[in-house]
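Letter by letter, the chains look like this.
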Amino acid sequence: MSLIIFLQETLVDYGAFAAIGAGLAAIGAGIGIGKIGGSAMEAMARQPEMQGKLQGSAIVLIAFVEAVALFAVVVSLIK
Amino acid sequence: MLSRFSGILTLIFFTLFSANIFAIPAGSSDDSKEFDVNEMIMHHIKDAHEFHIMDIDGHAISFPLPIILWTDNGLVTFLSSEFNHDDSGKIIVKRKGQEFVKYHEKIFYAKNTGGDKYVSYDEAGNVVNKKPLDLSITKMVFSMFLSMLLLVLIFVATAKTYSKSRKGEPTGLGKFTEPLILFIKDEVALPMIGEKNYQKYMPFLLTLFFFIWINNVMGLIPFFPFSANLSGNIAFTFVLAAITFVITTIVANKDYWKHIFWMPGIPVPMKLFLAPIEFLGIFIKPISLMIRLFANISAGHIIILSLISLIFIFKSLWLAPASLFFSVFISLIEVLVVAIQAYIFTMLSALYIGSAIEEHEH
Amino acid sequence: MDLVTPDIGLIFWTTVSFAILYFILAKFAWKPILGAVNEREKSINDALSAAEKAKEEMVNLKADNEKILNEAKLERESLLKEAREIKSKIIADAESEATEKANKLIESAKTAIENEKSAAMKELQNTVVDLSLNIAEKLLSKELDNKDKQLENIQEILDKTKLN
């Protein structure tokens, strides 16, 4: 508890915390998007005839993961 | 066809309102002030009562928009140009025996507290002045009307091409719009709602998709009369998500409610455990819809503006090519993202509606 | 916080706009467009099903043709078979007739021979009887003269009378 008070007293710039939060969210989203992209590429290599479908669903899934990261960005925007 | 329309529209707007566009020395513009990136970006992201077009020699050129207020003394309307570009609560406008000031794009009742400002703050720095109900045609509302006009023109013209063509094959504009309509029909409505009921929800889904998409795209075009961050505004996404929520709740059948409150096929303790979660899910689904669209579009605008701002932050022209290259690159990605987000919003809406009217077999 | 607080004015205008847009587009755009699209899809489906039907009919026709061809083949074969049968029957008939005729001829020949034979036998019998009567007559007449002469006579008669 005292640590929080200390932080509040010393680091008044909450923007820094927001930036850290956004960065953490970006790490998570990066891992998620990377996994989706990797699996999609692997699947495409295995079944090149399914490329169109795989690409479409991969992009949609990436958009979902990205949205989660952006949720975090929104939270860090709330001051 | 599309570009012709937008060209005509731009022309109409410029000719109709050019008399109102005039240059005034910007009230708060100060050349010696440090460039505040945060303020610039937030100013762009947020709503405004006038449509700022550009600055020439420190003079703001903006497009005045009507301010409509529901006050204690009834309806009050005036043009935003009466505030003389002031956004810091220094200029008051008198109407119907009341005084109004604009502070950070919000209209307050003016209250002189000494000094040149007519607003007062509490300890946290929030304005404590009373506010009238603000129903102004703001930048966002103006942009929304423009998008409506565009949509109606495009799709009524599309509908007309069908009556002209033989055998109902698309001609002209229809060749561009029909694949999109068929995409919503075959990839969104049919798989998500099912063959039996999808026809009923097609108009809603199509309106939703094109309304979101055109506003997303208009937000990406960086000059007047576009560039408003409408679909990155939480009020806009809130309304659309709320409409989906209302439809889902109204059309939901007995099965849907049963699956929420008394999930069949699992033991009673689990039922008790799941019921509150599922109940919260009803609200979380539209909220996630709302936040997803808002966050994606706002983030896109913020990224592009931040990249452009790098030039001003580092005060170096040498950075301009890199900054420009990245912002163009992100803009191109955004063109894809805004289409995907419109698609995802429509698809999830269809999915929620579909799950509400789904007939279960057990 | 300001960014994530929905503004009442914009909520109001968005609701109004969306409602107006929905009704205008639903009436003047989606209805005719979806109507045309659905009608076209229906006509395409109809055409497809008609083509499918025609294909099926074609297959049926082909099957019919084959059936007819097969039938014709079978008929030809049966005709040929019949002809062959008739042929062999005719041949067999002719053969049997010929045999019958031959048999008849042989039979008649046999009867004739038999008749001839019996006639010959009768004649022989008659001759033998006559001869025996003669011999007996002569013997009886010569008995009286000479015994030796008698035997001689008998021998002579027997010598003269050759049995056929």
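Thresholds applied
Residues numbered from 1 in each chain as written. Chains lettered and ligands numbered in written order. Predicted model: local features only at pLDDT ≥ 70, side-chain atom pairs only at ≥ 80, totals over all residues. Heavy atoms only, no water. Helix = DSSP H or I, 4+ residues; strand = E, 2+ residues; numbered from the N terminus. Areas by Shrake-Rupley, 256 points an atom, 1.4 Å probe, with all protein chains shown as cover. 1 Å grid on protein atoms, 1.4 Å probe; cavity = no way out; pocket = protein on both sides within 12 Å on 5 of 7 lines; lining within 4 Å. Points joined across faces, edges and corners; volume = space filled by probe spheres on them. Nonpolar A, V, L, I, M, F, W, Y, C, P; charged D, E, K, R; others polar. Contact = heavy atoms within 4.5 Å. Buried area = accessible area lost by both parts, 1.4 Å probe. Salt bridge = Lys/Arg side-chain N within 4 Å of Asp/Glu carboxyl O. Polar contact = N/O pair within 3.5 Å; in protein donor to acceptor, adjacent residues only side chain to side chain. Pairing = 2+ DSSP bridges. pLDDT = per-residue confidence, 0-100. Phe/Tyr/Trp six-rings, centres within 6.5 Å; stacked < 30°, edge-to-face > 60°. Buried < 20%, exposed > 50% of the residue type's maximum accessible area, 1.4 Å probe, protein only. Lys NZ or Arg CZ within 6 Å of the ring centre and 35° of its normal. Axes fitted to C-alpha atoms, helices over the stretch in contact; angles between N-to-C directions.

Observations regarding the overall build of chain A
Within chain A, the secondary structure is distributed over 3 helices and 0 strands. Helices and strands in chain A line up, N terminus first, as α-α-α. Within the structure as shown, chain A displays about 5300 Å² of accessible surface, and the carbon and sulfur contribution to it stands at 72%.

Comments concerning the layout of surface pockets
As a volume, the second largest pocket reaches approximately 520 Å³. Surrounding the second largest pocket, 26 residues form its lining, Glu-105 and Lys-106 of chain B together with Asp-2, Thr-5 and Asp-7 of chain C being those nearest its centre. Mapped by element, the contributors of at least two residues to the lining of the second largest pocket are β8 (106–109) and β9 (133–134) of chain B together with α1 (8–143) of chain C. At 3 residues, α1 of chain C tops the list of elements feeding residues into the lining of the second largest pocket. For the lining of the second largest pocket, the class distribution of residues is 11 nonpolar, 7 polar and 8 charged.

A look at empty space enclosed by the protein
Gaps left between atoms show up when a probe the size of a water molecule is rolled over them. Applying the stated criterion across every chain, the model contains 3 cavities of 30 Å³ or more. Here the largest cavity is characterised by a volume of approximately 80 Å³. A breakdown of the residues in the lining of the largest cavity according to their chemical character gives 6 nonpolar, 3 polar and 1 charged.

Looking at the interface of chain C and chain B
Each partner contributes residues to the interface: chain C has 33 residues there, and chain B has 51 residues. Carbon and sulfur atoms supply 79% of the area that chain C and chain B bury against each other, a total of about 3500 Å² over both sides. Of all residues in chain C, the largest losses of buried area upon contact with chain B belong to Leu-3, Phe-18 and Trp-30 of chain C, amounting jointly to 20% of the total for that side. At the junction of chain C and chain B, the tally comes to 2 salt bridges. The partner of Glu-41 of chain C in a salt bridge is Lys-185 of chain B, and the shortest N-O contact between them spans 2.6 Å. If you look at where chain C meets chain B, you find 5 residue pairs in polar contact (both at pLDDT 80 or more).

Some points on the sheet that holds β9 of chain B
Sheet strands associate in pairs through backbone hydrogen bonding, adopting either a parallel or an antiparallel arrangement. All names here are of chain B. On the basis of which strands lie adjacent, the open sheet formed by 3 strands has the order β5-β4-β9 and antiparallel pairing. Strand pairing shows two members of the sheet lacking a second neighbour, β5 (74–79) and β9, which therefore form its edges. Bridge count between strand β4 (residues 66–71) and β9: 2 bridges; the pairing is antiparallel. Its bridge partner lying in β9, Trp-70 is registered against Leu-133.

With respect to the interface of chain B and chain A
On the chain A side, the residues contacting the 15 residues of chain B number 11 residues. Of the roughly 1100 Å² buried at the junction of chain B and chain A (both faces included), carbon and sulfur atoms supply 84%. If you sort the residues of chain B by the area they bury against chain A, Arg-292, Asn-296 and Ile-340 of chain B come out on top, with a joint share of 30%. At the junction of chain B and chain A, the tally comes to 0 salt bridges. Scanning the region where chain B abuts chain A turns up 0 residue pairs in polar contact (both at pLDDT 80 or more). Secondary structure elements with two or more residues in the side of chain B that touches chain A: α2 (37–45), α8 (268–314) and α9 (320–357) of chain B. In terms of residues, the side of chain B that touches chain A owes the most to one element, α8 of chain B, which gives 7 residues. In terms of residue class, the side of chain B that touches chain A is built from 10 nonpolar, 4 polar and 1 charged.

Regarding the confidence of the model for chain B
Residue and element names in this part refer to chain B. Per-residue confidence for chain B averages 82 on the pLDDT scale, and 88% of its residues sit at or above 70. Note on residues 11–32: pLDDT is under 50 here. Beyond four places in sequence and across chains, it has 27 contacts. Both scores are available for the predicted complex, with the pTM at 0.75 and the ipTM at 0.84.

Focus on the confidence of the model for chain A
Taken residue by residue, chain A gives an average pLDDT of 80. The fraction at 70 or more is 80%. The secondary structure element of chain A with the lowest average pLDDT is helix α1 (residues 2–10) of chain A, at 58, and the one with the highest is helix α2 (residues 14–46) of chain A, at 88.

Structural notes on the packing of aromatic side chains
Tallied over the full model, the rule gives 24 aromatic pairs over all chains. Relative to Phe-142 of chain B, the ring of Phe-63 of chain B lies with its centre 5.3 Å away and its plane at 40°, an arrangement referred to as tilted. One end of the pair, Phe-63 of chain B, is in strand β3 (residues 59–64); the other, Phe-142 of chain B, is in helix α3 (residues 139–164), with 79 residues separating them in the sequence. A residue is classified by how much of its surface remains accessible, and Phe-63 of chain B, at 2% relative accessible area, is buried. With relative accessibility at 9%, the residue Phe-142 of chain B sits in the buried group. Summarising the aromatic geometry, the rings of Phe-12 of chain C and Trp-13 of chain C are spaced 5.1 Å apart at their centres and angled 70° between planes, so their arrangement reads as edge-to-face. For Phe-12 of chain C, a relative accessible area of 37% translates into the label partly exposed. A relative accessible area of 15% places Trp-13 of chain C in the buried class. Ring pairing ties together the aromatic residues Phe-245, Tyr-256, Trp-257, Phe-261, Phe-279 and Phe-283 of chain B, which thus form one cluster. Lying over the aromatic face of Phe-51 of chain B, Lys-139 of chain B brings its terminal NZ or CZ to 5.6 Å of the ring centre.

Re the sheet that holds β8 of chain B
All names here are of chain B. Across the sheet, which stays open at both edges, the 3 strands sit in the order β6-β7-β8 with antiparallel pairing between neighbours. Either end of the sheet is taken by a strand with one partner, and the two such strands are β6 (88–95) and β8. Across the sheet, the mean angle separating the axes of adjacent strands is 30° when strand polarity is ignored.

A word on the pattern of salt bridges
Pairing between side chains of opposite charge can happen when the charged atoms of each approach one another. Residues and elements named next belong to chain A. Applying the stated criterion to the full structure yields 9 salt bridges over all chains. Here Glu-42 ties to Arg-46 by a salt bridge, and the two come within 4.0 Å at their closest N and O atoms. With Glu-42 and Arg-46 both in helix α2, this residue pair falls 4 residues apart, about one helical turn.

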